Amino acid sequence: MEFDTIVAISTPIGEGAIGIIRMSGPESFQILDRVFKKIGNGTFEDKQMVYGQIMDEDTIVDEVLAVKMYKPRTYTKEDVVEINCHGGLVPMRSILSLLLDKGARLAEKGEFTKRAFLNGRIDLAQAESVMDLIGSKTKRGYDLAMNQLEGHLSRRVRGMRDGLMTLMGHIEVGIDYPEEDIEDVTYPEIVDQLEDLEKQIDKLLKSANNGKIIREGLKTVIVGKPNVGKSSLMNALLKDSRAIVTDVPGTTRDVIEEYMNVGGIPIKLIDTAGIRSTEDVVEKIGVEKSKSYFNEADLIIFVLNASEPLTDEDLDIMEHVKNKHAIVIINKTDLEIRIDESLINMHLNDKLILKTSMEKEIGIDLVEKAISDILLDHDLEINQNETVSNTRHIHLLKTAHQNVKDALGAANSKMPYDFIEVDIQNAIVNLGQITGESVENDLLDHIFSNFCIGK
Ligand code: GDP
Ligand code: ZN
């Protein structure tokens, strides 16, 4: 496949010592030659930095280091040019627009990585891991993405898909020559192989939950009615971690999200406006939003005010908390206690109940410990080679899992071969979508549009 030549700024926009502009495609070397004036005696051998100036006619635009990378051993498998220039917005923009004038086209989001995929250097799961790498929040998340980039997940998925295709081939033989004396697969054999594949997919899926948490964080939602100390708790938890919180009055109407880091696992803390019903339209938006967060949470921290008797609102939230993974916090214990603890114990008897005072900084360590214990419960040891973390992959695996189970059902009840084949075919297609063997163009556009420019 032959593409045009694309260009983009590949480093984050802003003040930086250097910025990198990247170009890829058949004309990238010529386009560079049109604007580059060498200083000294460097030569453009493969991957050699050459010092020089970017010229717009007779005007010097910037002093740069440029490098040509010859296909096919490049990121995109095309000729690639990188220009290291001064990092400010002005030099980078000037060089970029000059290259556009000279024949390059501005790259779309993720287009470099998309080319790497389309030119066959990486598969789709690997391309997506590039995006995960950029977005990874902790070292472990990074390791996981790196692992996927190296192709461990792809190899496993491809192995399962190959298994299904081989099985399919055997069944076809049986269909095409039913009366001949070819050793066609018998039902017990089909069942055997399908059971094996079903187990493999199942095992991979079991790793999915952990992978998702390592990648996206344990979603922890802090709930409670206004003024009980939710934001204070969030601030206290973040103080030891990476904190940037401003709680101007009213901000907790909406939802505030921050990450803290517990043993390399990101904990996504979400401070909500509480989940009470309200007539106030503005507040309602926050409330509706926090309800949806509440339902998706991996963990809920329910905060109560020790210095007030329980209200209907507290009881209402309590009902919602009952069947969730939750920690209960009785805050403001530095004040006179007016809350009915026995009632809380009765309603939430299986939950861990902690007493804190954010004001006096008491009990914050207990909350931290409770969160990390819950993480340990989740048993987040990642099995390096067998973790699936991407939501799209998980969904496809689940569907393929169902397809295989359907095929198994059909084989077990000795349905005609073509019934079994339909389900196996579906499983093959679904697994193929993970690595990109069978994937639609608009899905590709969708996936790559989540990248940032320059990747
Ligand atoms: P939120 O509305 O639930 O987010 O509550 P905030 O964290 O904004 O706290 C509401 C008010 O209670 C603030 O004035 C806090 O300083 C105060 N507060 C928070 N925790 C405590 C505590 O443990 N003891 C006392 N006495 N005041 C607290
Ligand atoms: Zn608040």
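Keep in mind the model is a prediction, meaning the values are calculated, not measured. Chains are numbered independently. Their residues run from 1 in the order of the written sequence. Key to labels: chains lettered from A, ligands numbered from 1, both in the order written. At least 70 in pLDDT is required for a residue's local features to be given in this predicted model, at least 80 for side-chain atom pairs to be given and counted, and no such filter applies to totals for whole chains, interfaces and linings, which use all residues. Water and hydrogen atoms were dropped before computing side-chain values, which therefore reflect all heavy atoms in the structure.

Quick look at the sheet that holds strand β7 (residues 105–106)
And then number 1: Pairing is mixed across the open sheet formed by seven strands, whose spatial order is β3-β4-β5-β6-β2-β1-β7. Strands at the two margins of the open sheet, each flanked by one partner only, are β3 (36–38) and β7.
And then number 2: As paired strands, strand β2 (residues 18–24) and strand β6 (residues 80–86) are joined by seven bridges and run antiparallel to one another. If you follow Gly 19 over to β6, its bridge partner there is Cys 85.
And then number 3: Residue contacts are counted whenever heavy atoms from the two residues lie within 4.5 Å of one another. Angles here are taken between N-to-C directions and fall from 0 to 180 degrees, while the axes themselves are lines fitted to C-alpha atoms, restricted in helices to the stretch in contact. For the purposes of this entry, the term helix denotes a DSSP run of H or I that reaches at least four residues, the term strand denotes a run of E that reaches at least two, and both are numbered from the N terminus. Those strands touched by helix α1 (residues 28–35) are β2, β3, β4 (49–56), β5 (59–69) and β6, and its axis lies near 35° from that of β6. Two strands qualify as a pair provided that DSSP identifies no fewer than 2 bridges between them.

Things to note about the nonpolar core
And then number 1: Counting residues in hydrophobic clusters, the biggest one holds 34 residues, and the most contacted among them are Leu 164, Leu 194, Leu 397, Ile 420 and Ile 424.
And then number 2: Contributing elements (two or more residues each) for this core: α6 (152–176), α7 (187–206), α14 (391–412) and α15 (417–435).
And then number 3: Top contributing element to this core by residue count: α14, with nine residues.
And then number 4: Among residues more than four places away in sequence, those in contact with Leu 164 are Leu 194, Leu 197, Val 404, Ile 424, Ala 427, Ile 428 and Leu 431.
And then number 5: Formed by 24 residues, the second largest nonpolar core is a distinct cluster that contains Met 234, Val 303, Ile 371 and Leu 375. Residues belong to one nonpolar core when they are buried, are Ala, Val, Leu, Ile, Met, Phe, Trp, Tyr or Cys, and are joined through side-chain atoms within 4.5 Å. Relative accessibility thresholds used throughout: buried, under 20% of the residue-type maximum; exposed, over 50%; partly exposed, between the two (1.4 Å probe, protein chains only).

What about the environment of Tyr 51?
And then number 1: In this fold, Tyr 51 is placed in strand β4.
And then number 2: Judged by its relative accessible area of 36%, Tyr 51 falls in the partly exposed class.
And then number 3: Along the primary structure Tyr 51 and Asn 41 are separated by 10 residues, whereas in three dimensions their C-alpha atoms are 8.7 Å apart.
And then number 4: Sequence-distant contacts of Tyr 51, defined by excluding residues within four places in its chain, comprise Phe 36, Lys 38, Ile 39, Glu 63, Val 64 and Leu 65.
And then number 5: In the analysis that follows, any N or O atom pair within 3.5 Å is treated as a polar contact, provided that within protein one partner can donate a hydrogen and the other can accept it, and provided that, for residues neighboring in sequence, both atoms belong to side chains. Among the polar contacts made by the side chain of Tyr 51, one reaches the side chain of Glu 63 at a distance of 2.5 Å.

Considerations on the site of ligand 1
And then number 1: Neighbouring ligand 1 are 16 residues; Asn 227, Lys 230, Ser 232, Asp 334 and Met 358 lie closest to it.
And then number 2: Separating a nitrogen atom of ligand 1 from a side-chain N or O atom of Asn 331 is a distance of 3.1 Å.
And then number 3: With respect to ligand 1, the side chain of Ser 357 contributes an N or O atom lying 3.4 Å from an oxygen atom.
And then number 4: Burial of ligand 1 by the protein chains amounts to 74% of its free accessible area of 570 Å².
And then number 5: No other element matches the three residues that helix α9 (residues 230–239) contributes to the shell around ligand 1. A cutoff of 4 Å decides nearness: a residue is near a molecule or strand if any of its heavy atoms lies inside that distance of it. Under the convention used here, a 1.4 Å probe and the Shrake-Rupley method define accessible areas, while residue burial counts only the protein chains that appear.

Quick notes on the UniProt feature "binding site: K(+)" (unreviewed entry) in the protein chain
And then number 1: UniProt positions are given in the numbering used here, feature names are shortened, and annotations may be inferred rather than shown by experiment. Under the local residue numbering, the UniProt record ascribes the feature "binding site: K(+)" (unreviewed entry) to Asn 227, Thr 246, Val 248 and Thr 251.
And then number 2: Its location among the elements puts Asn 227 in the loop between β8 (218–223) and α9.

Quick word on the confidence of the model for the protein chain
And then number 1: Confidence in the prediction for the protein chain averages 81 pLDDT; 78% of positions are at 70 or higher.
And then number 2: Confidence of the predictor at the level of single residues is captured by pLDDT, which takes values from 0 to 100. The weakest mean pLDDT in the protein chain belongs to helix α10 (residues 281–296) at 63; the strongest belongs to α1 at 97.
And then number 3: Per-residue pLDDT stays below 50 along residues 241–253; that stretch engages in 24 contacts with residues further than four places along the chain or on separate chains.
And then number 4: When the criterion is pLDDT under 50, residues 379–385 qualifies, and its contacts beyond four places in sequence or with other chains add up to 16 contacts.

Thoughts on the UniProt feature "binding site: Mg(2+)" (unreviewed entry) in the protein chain
And then number 1: The UniProt record marks Ser 231 and Thr 252 with the feature "binding site: Mg(2+)" (unreviewed entry), using the residue numbering of this structure.
And then number 2: Mapped onto the secondary structure, Ser 231 falls in helix α9.

Let's talk about a negative patch on the surface
And then number 1: A surface patch of like charges, here negative, comprises Glu 189, Asp 192, Glu 195 and Asp 196.
And then number 2: Looking at the element boundaries, Asp 196 is found in helix α7. Here the term patch refers to residues with relative accessible area over 30% and no salt bridge, with like charges joined within 9 Å and nonpolar side chains (Val, Leu, Ile, Met, Phe, Trp, Tyr) within 5 Å. What makes a salt bridge here is a side-chain nitrogen of Lys or Arg within 4 Å of a carboxyl oxygen of Asp or Glu, nothing more. Here the positive residues are Lys and Arg and the negative ones are Asp and Glu; neither His nor the chain ends is included. Taken as the charge location is NZ of Lys, CZ of Arg, CG of Asp or CD of Glu.

Some details on the packing of α7 against α15
Two numbers describe a pair of packed helices, the interaxial angle and the distance between the axes.
And then number 1: Between α7 and α15, the least distance of the axes is 13 Å, while the angle of their chain directions is 15°. Viewed along their axes, α7 and α15 adopt a mutual orientation that is roughly parallel. Relative to α15, the crossing made by α7 is left-handed. The residues of α15 that touch α7, namely those facing Tyr 187, Ile 190 and Leu 194, are Tyr 417, Ile 420 and Ile 424. Oblique is the label for every angle not falling under 35 degrees (roughly parallel), over 145 degrees (roughly antiparallel), or within 65 to 115 degrees (roughly perpendicular). For any helix crossing, the convention is left-handed if the near helix is rotated counterclockwise from the far helix by under a right angle, and right-handed if that rotation is clockwise.

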